[in-house]
Every structure is written in structure tokens, then in C-alpha cells.
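Chain by chain, the residues:
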Amino acid sequence: MTSALRGTALVTGASRGIGRAVATRLARDGFSIIAAARQREELDALCAELRAAGGDCTALVLDLGDPAAVATALAGLEVDVLVNNAGVAVQKPFVDLTADEWHRMVDVNVNALFHVTRALLPGMIARGAGHVCTIGSIGGRSAFVGGSCYAATKAFVTAWAES
């Protein structure tokens, strides 16, 4: 890990997959990591791994689909890099999707972008520095069987990020 701290990066969906890889890379590049996800054990394992390699990591157990929890958890945080990565996918025929599954995907894949970015962006603007990176999916450009809601949310991610 780099010894000079380059700032703080908050990575959503950091407990596994792309989010975990991004958090690991940013830590290696000298960022202090705030790793956000719902799974305490996986976040703790990531933070232990990053600390063992000389990095700095704080686990933030957070349901990004809960706007009040997001506002409370992120209030007052100064973050230099935000990586909007968290996502939920339920892949099955549209007629088999439950309303809860539909709403969960929309809440995490779409609404969390607003809530998380809205909580952290004003601080970046006030400091005159910061970066927001949003991870989407090819599913937002190429629909597929069983991906009605997921593909639609990822199309939103692309349009939102490009706007």
C-alpha cells in the first residue's frame, strides 16, 4: 500500500465483486476506504485484508435502499471519491417478479444513486474537489430475457451518469 494518504474513498457494494476490487485498488493507491454494504462479515474481512496490507478501511454497514439510513450514515462525511457501485439483480420473467423484488432493485440501483450522491456531493463542491464514479452494466444497453427491471435500472444508471 502507498504510505501517503491521497484522501478518502467511499465505495458502495464493497463487500464483494467489483466493489471489493475497486476498494482494494483504491486502498493500494493510497486512499482511506469507507466500505459500504449490508454484509458486516464480508466488510470486516475486506477491511482486515486492507489493513494487513498497510491500508486504512472503515466498514459501514448500510442498506442503501433506506434513504433515512443513508442520510444518517453519511451526514458530515468528507469524501474525496465516491464510487456508486452497489446493485441488486433479480433475474426472472416479469410476470414472476414480486412487487418487493421490483422495488428493491429500483431502490438500490436507482434511488440510492440520488441519496448517496446528494449526501456527499455538496461537500465536494464546497471543497472544490472530488470525484464521483458510477458503475453500471451492459445490461442497461442490451436488454435480456428475465432482466426487465434490472436492465431498466441499469439504463437509468447510464443516463443519470451521462447527464
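Not measured: the values here are computed from a predicted model. (Residues numbered from 1 in each chain as written. Predicted model: local features only at pLDDT ≥ 70, side-chain atom pairs only at ≥ 80, totals over all residues. Heavy atoms only, no water.)

## Details of the state of the cysteines
A disulfide bridge is the covalent bond that connects two cysteines by way of their sulfur atoms.
Turning to step 1, where the next piece is worked out: Applying the stated criterion to the full structure yields 1 disulfide.
Turning to step 2, where the next piece is worked out: With a sulfur-sulfur separation of 2.3 Å, Cys47 is cross-linked through a disulfide to Cys57. Between Cys47 and Cys57, the S-S dihedral sits near -45°, and the bridge is therefore left-handed. Taken together, the residues span a long stretch of sequence, with Cys47 in helix 2 (residues 40-52) and Cys57 in strand 3 (residues 57-61) at a distance of 10 residues.
Turning to step 3, where the next piece is worked out: Judged by its relative accessible area of 1%, Cys47 is buried.
Turning to step 4, where the next piece is worked out: Of all cysteine sulfurs in the structure, the one in Cys57 sits closest to Cys133, which takes part in no disulfide; the separation is 18 Å.
Turning to step 5, where the next piece is worked out: Relative accessible area serves as the criterion here: at 35%, Cys133 is assigned to the partly exposed category. (Disulfide = S-S within 2.5 Å. Helix = DSSP H or I, 4+ residues; strand = E, 2+ residues; numbered from the N terminus. Buried < 20%, exposed > 50% of the residue type's maximum accessible area, 1.4 Å probe, protein only.)

## With respect to the sheet that holds strand 2 (residues 31-37)
Turning to step 1, where the next piece is worked out: The 5 strands lie next to each other as 3-2-1-4-5, forming an open sheet whose pairing is parallel. Taken across any chain shown, the strands that pair with only one partner, and hence form the sheet edges, are strand 3 and strand 5 (131-134). Strand after strand, the sheet turns through a mean of 15° between neighbouring axes, direction not considered.
Turning to step 2, where the next piece is worked out: Alignment of strand 1 (residues 7-12) against strand 2, held across 6 bridges, turns out to be parallel. Considered in strand 2, the bridge of Gly7 is made with Phe31.
Turning to step 3, where the next piece is worked out: The strands that helix 4 (residues 99-127) touches are strand 1, strand 4 (81-84) and strand 5; relative to strand 4, the one it contacts most, it runs at about 170°. (Pairing = 2+ DSSP bridges. Axes fitted to C-alpha atoms, helices over the stretch in contact; angles between N-to-C directions. Contact = heavy atoms within 4.5 Å.)

## Focus: the packing of helix 4 against helix 5 (residues 148-162)
Turning to step 1, where the next piece is worked out: Contact geometry of helix 4 with helix 5 gives a least axis separation of 8 Å together with a crossing angle of 15°. Our classification of the angle between helix 4 and helix 5 gives roughly parallel. Taken as a pair, helix 4 and helix 5 cross one another with a handedness that is right-handed. From helix 4, Trp102, Met105, Val106, Asn109, Val110, Leu113 and Thr117 reach across to helix 5, where they touch Ser148, Cys149, Tyr150, Thr153, Lys154, Phe156, Val157 and Trp160.
Turning to step 2, where the next piece is worked out: When the residues that make up the contact of helix 4 with helix 5 are grouped by side-chain class, the tally is 10 nonpolar, 4 polar and 1 charged. (Parallel < 35°, antiparallel > 145°, perpendicular 65-115°, else oblique. Left-handed = near helix turned anticlockwise from the far one by under 90°. Nonpolar A, V, L, I, M, F, W, Y, C, P; charged D, E, K, R; others polar.)

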